[in-house]
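# What the coordinates show
Residue-level listing of the chains:
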Amino acid sequence: MEAHNGLSAKIVQEAGFNGIWASGLSLSAQLGVRDSNEASWTQVVEVVDFMSECTDIPILLDGDTGFGNFNNARRLIQKLERADIAGVCMEDKLFPKTNSFIDGELQPLADIDEFCGKIMACKDTQRDPDFMVVARLEAFITGYGLDEAVKRADAYHRAGADAILCHSKKKDDSDIKAFMNEWGDRCPVVIVPTKYPDVPCDTFRDYGVSMVIWANHNMRAMVSACQKVTQEIYDTQSLAGVEKSGEIVSVAEVFRLQNTAELKEAEAMYENPTEVHKRMGGGN
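In this report, the structure presented in the accompanying data block is examined.

Each value, and the rule that gives it
- Residues numbered from 1 in each chain as written.
- Predicted model: local features only at pLDDT ≥ 70, side-chain atom pairs only at ≥ 80, totals over all residues.
- Heavy atoms only, no water.
- Buried < 20%, exposed > 50% of the residue type's maximum accessible area, 1.4 Å probe, protein only.
- Helix = DSSP H or I, 4+ residues; strand = E, 2+ residues; numbered from the N terminus.
- Pairing = 2+ DSSP bridges.
- Right-handed = clockwise from strand over helix to strand, strands pointing away.
- 1 Å grid on protein atoms, 1.4 Å probe; cavity = no way out; pocket = protein on both sides within 12 Å on 5 of 7 lines; lining within 4 Å.
- Points joined across faces, edges and corners; volume = space filled by probe spheres on them.
- Nonpolar A, V, L, I, M, F, W, Y, C, P; charged D, E, K, R; others polar.
- Axes fitted to C-alpha atoms, helices over the stretch in contact; angles between N-to-C directions.
- Left-handed = near helix turned anticlockwise from the far one by under 90°.
- Contact = heavy atoms within 4.5 Å.
- Patch = residues over 30% accessible without salt bridge, like charges linked within 9 Å, V, L, I, M, F, W, Y side chains within 5 Å.
- Areas by Shrake-Rupley, 256 points an atom, 1.4 Å probe, with all protein chains shown as cover.
- Salt bridge = Lys/Arg side-chain N within 4 Å of Asp/Glu carboxyl O.
- Polar contact = N/O pair within 3.5 Å; in protein donor to acceptor, adjacent residues only side chain to side chain.

We now examine the pairing of strand E3 (residues 59–62). Across the two faces of E3 the burial is the same, with Ile59 and Leu61 and Leu60 and Asp62 all buried. Direction of pairing for strand E2 (residues 20–22) relative to E3: parallel, over a ladder of three bridges. Paired with Ile20 across the strands is Ile59, a residue of E3. Relative to strand E4 (residues 87–91), E3 runs parallel, the two sharing three bridges. In the sheet register, Asp62 faces E4, and the bridge partner there is Cys89. You can see the chain leave E3, run along helix H4 (residues 70–82) and come back into E4, and the turn it takes is right-handed.

As a volume, the largest pocket reaches approximately 620 Å³. Taken together, 27 residues form the lining of the largest pocket, with Asn18, Gly19, Met211, Val212 and Ile213 sitting closest to its centre. Contributing elements (two or more residues each) for the lining of the largest pocket: E2, E3, strand E5 (132–137), helix H8 (201–207) and strand E8 (211–212). Broken down by class, the residue content of the lining of the largest pocket amounts to 20 nonpolar, five polar and two charged. By volume, the second largest pocket amounts to about 500 Å³.

Attention shifts here to empty space enclosed by the protein. Under the counting rule described, the total for this entry stands at two cavities of 30 Å³ or more. Put simply, the largest cavity is a space of about 190 Å³. In terms of lining residues, the largest cavity is bounded by 17 residues, among which Asp62, Asn99, Arg136, His167 and Ala215 are the most central. Classifying every residue of the lining of the largest cavity by side-chain character gives six nonpolar, seven polar and four charged. Computed from the structure, the second largest cavity encloses a volume of approximately 80 Å³. Along the walls of the second largest cavity sit 13 residues, with Gly24, Ser28, Ala39, Val44 and Asp64 positioned nearest its centre. It is helix H2 (residues 24–30) that provides the largest number of residues to the lining of the second largest cavity, a total of three residues. Along the lines of polarity and charge, the residues of the lining of the second largest cavity split into four nonpolar, four polar and five charged.

What follows deals with the packing of helix H5 (residues 112–125) against helix H6 (residues 146–159). Helix-helix packing is characterised by the crossing angle of the two axes and by the distance between the axes. Between H5 and H6, whose axes approach to 9 Å, the crossing angle comes to 35°. Note on packing geometry: the crossing formed by H5 with H6 is right-handed. Along its contact with H5, which presents Ile112, Phe115, Cys116, Ile119 and Met120, the element H6 presents Glu148, Lys151, Arg152, Ala155, Tyr156 and Ala159. Of the residues assigned to the contact of H5 with H6, the class counts are eight nonpolar, no polar and three charged.

All right, on to a nonpolar patch on the surface then. On the surface, a nonpolar cluster with roughly 350 Å² of combined accessible area is contributed by Val249, Val251, Val254 and Phe255. Note that Val249 resides in the loop between helix H10 (240–245) and helix H11 (251–257). A relative accessible area of 55% means that Val249 is categorised as exposed.

Turning our attention to the sheet that holds E2. One open sheet holds the eight strands; their spatial order is E1-E2-E3-E4-E5-E6-E7-E8, and the pairing between them is parallel. Strands with a single pairing partner mark the edges of an open sheet, and in this sheet they are strand E1 (2–3) and E8. Two strands pair when backbone bridges link them, and E4 and E5 are joined in this way by five bridges, in the parallel orientation. Residue pairing across strands places Val88 opposite Val133, the latter belonging to E5. The strands touched by H5 are E4 and E5; relative to E5, the strand with the most contacts, the crossing angle is about 165°.

Here we come to the pairing of E4. For E4, a buried count of five out of five residues is recorded, marking the element as mostly surrounded by other parts of the structure. Judged by which residues are buried, E4 turns out to be covered on both faces: Gly87, Cys89 and Glu91 on one side and Val88 and Met90 on the other are all buried.

We now examine helix H1 (residues 6–15). By the burial criterion, the buried members of H1 are Gly6, Ser8, Ala9, Lys10 and Val12. Elements that come into contact with the buried residues of H1 comprise E1, E2, helix H3 (41–53), helix H9 (217–236) and H11. The opening residue of H1 is Asn5, an N-cap whose side-chain oxygen sits 3.3 Å from the backbone nitrogen of Leu7. Gly16 sits one or two residues past H1 and shows a positive phi near 110°.

Coordinates in, geometry out; function isn't part of it.
Printed below as a string of structure tokens:
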């Protein structure tokens, strides 16, 4: 499930999800910039570091194109491992990237050998054997079709990618079905059903898909809720409606999500002279 800051990451974990998708669209949106690498990779890493700090389930970062060539990508891997991020997903397009749902057919794909070299550089750089590099296919997005998608997936798999993310913008799952029929079980396949939301997960399981990413829905929910509450307060010049309607959480719930109770316990341990002296052996 998508998250874009520490608070949303904690909400995702509490809901029961097994992993967090640090969406490039959502990370850029919450910073108020476009999904075109306007946020630097260091700014992205800073946000996901906070996300990692307050959760203990794996985080897969949407690493766009790797923020440059193989050297930029392998430096990203080093920083992500230090932040205890579980993996990165990189797409086979050119830097700076453009969101796949904006004029996808006009976006050029990366050279296959260049992208394979980027994957190899990332895998050679990682120190944690469990760190995952996911290669994202944009062949369907750009209109190249199944043959190009399978050719690229095979090359990326042989270059060392741990999984393939098969992306499609069709309003049905025909691209995914065709790809899975051809691909089989050569390596895990990840999908992002944003454009085909009516297909049930059991269908994807039947195809052999390993993981589904709900890619941007917390960010979009935040925008919708924030617009509604903000407009209501502006129009009514009052907090009464939103406070009584249950549209917003209590401040106490925010404190709980921030783990304020732990700080109170720590203050009682480290700022209480009695407790300090007790641990020192009773002397002043």
